[in-house]
Each structure stands twice: as C-alpha cells, then as structure tokens.
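As a plain string of letters, each chain reads:
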Amino acid sequence: MNKISLIVPCYNEEANIKPFYNAIMEIYTGEGINDADFELLFVNDGSKDNTLQEIRALHKKDSRVK
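Peer 1: Any chance you could explain the pattern of salt bridges here in plain terms?
Peer 2: Between side chains of opposite charge, pairing is possible as soon as their charged atoms come close. Summed over the entire model, instances satisfying the criterion amount to five salt bridges. A salt bridge links Lys3 to Asp37; the nearest nitrogen and oxygen atoms lie 3.8 Å apart. Within this pair, whereas Lys3 is found in strand β1 (residues 3-10), its partner Asp37 is found in strand β2 (residues 37-44), the two being separated by 34 residues in sequence. Taking the shortest distance from any N to any O, the salt bridge between Lys3 and Glu39 comes out at 3.8 Å. Highlighted residues: Lys3 in strand β1 and Glu39 in strand β2, separated in sequence by 36 residues. Overlapping salt bridges bring together Lys3, Asp37, Glu39 and Lys66 as one network.

Peer 1: I tried to follow helix α2 (residues 51-61) on my own but got confused; where do I start?
Peer 2: Three- or four-residue spacings in an α-helix give side chains the same orientation, since the helix completes a turn every 3.6 residues. Within α2 the residues assigned to the buried category are Thr51, Glu54, Ile55 and Leu58. Relative to the axis of α2, the buried residues are bounded by an arc of 100° and lie together on one face. Seen from the buried face of α2, the exposed residues on the opposite side, beyond 90 degrees, are Arg56 and Lys60.

Scoring rules and cut-offs
Residues numbered from 1 in each chain as written. Predicted model: local features only at pLDDT ≥ 70, side-chain atom pairs only at ≥ 80, totals over all residues. Heavy atoms only, no water. Salt bridge = Lys/Arg side-chain N within 4 Å of Asp/Glu carboxyl O. Helix = DSSP H or I, 4+ residues; strand = E, 2+ residues; numbered from the N terminus. Buried < 20%, exposed > 50% of the residue type's maximum accessible area, 1.4 Å probe, protein only. Arc of directions from axis to C-beta.

What follows is the structure, encoded as structure tokens:
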C-alpha cells in the first residue's frame with residue numbers, strides 16, 4: 001500500500017488549521033486516493049497563538065494528524 005505524508009509547517013496559523021485540514025480531507029476523499037495510507041504532519045514552529053491546541057484537537061479527532 002502507498003503512503004502519503006503531507007508535511008505542513010505552521011507559525012501562528014490558528015485560524016487556518018481547520019480550514020486547511022477540511023480542504024485536504026475533501027481532496028483526499030473526493031479524488032479516489034483514500035485507498036492509500038495518509039497522514040498530515042503539522043510542524044509547529046514556535047507559534048504564539050493557539051496553533052498547537054488546534055493541531056492537538058484535530059489529532060484527537062483524527063489519528064492521521066500528527
């Protein structure tokens with residue numbers, strides 16, 4: 001099975017984490033690639049806002065978010 005890893009650098013992206021995730025998941029489920037193993041690797045680069053909390057909340061909902 002193929003594995004897709006999307007690495008996403010984040011710095012003060014609190015407002016953009018959920019919309020980005022939703023857009024990626026729409027593409028992932030809509031383009032027929034959902035048979036591949038898939039993960040989103042968010043890399044928080046010292047954000048001063050709630051970026052890390054948003055990433056953690058998504059991880060609780062979806063284990064493919066790391």
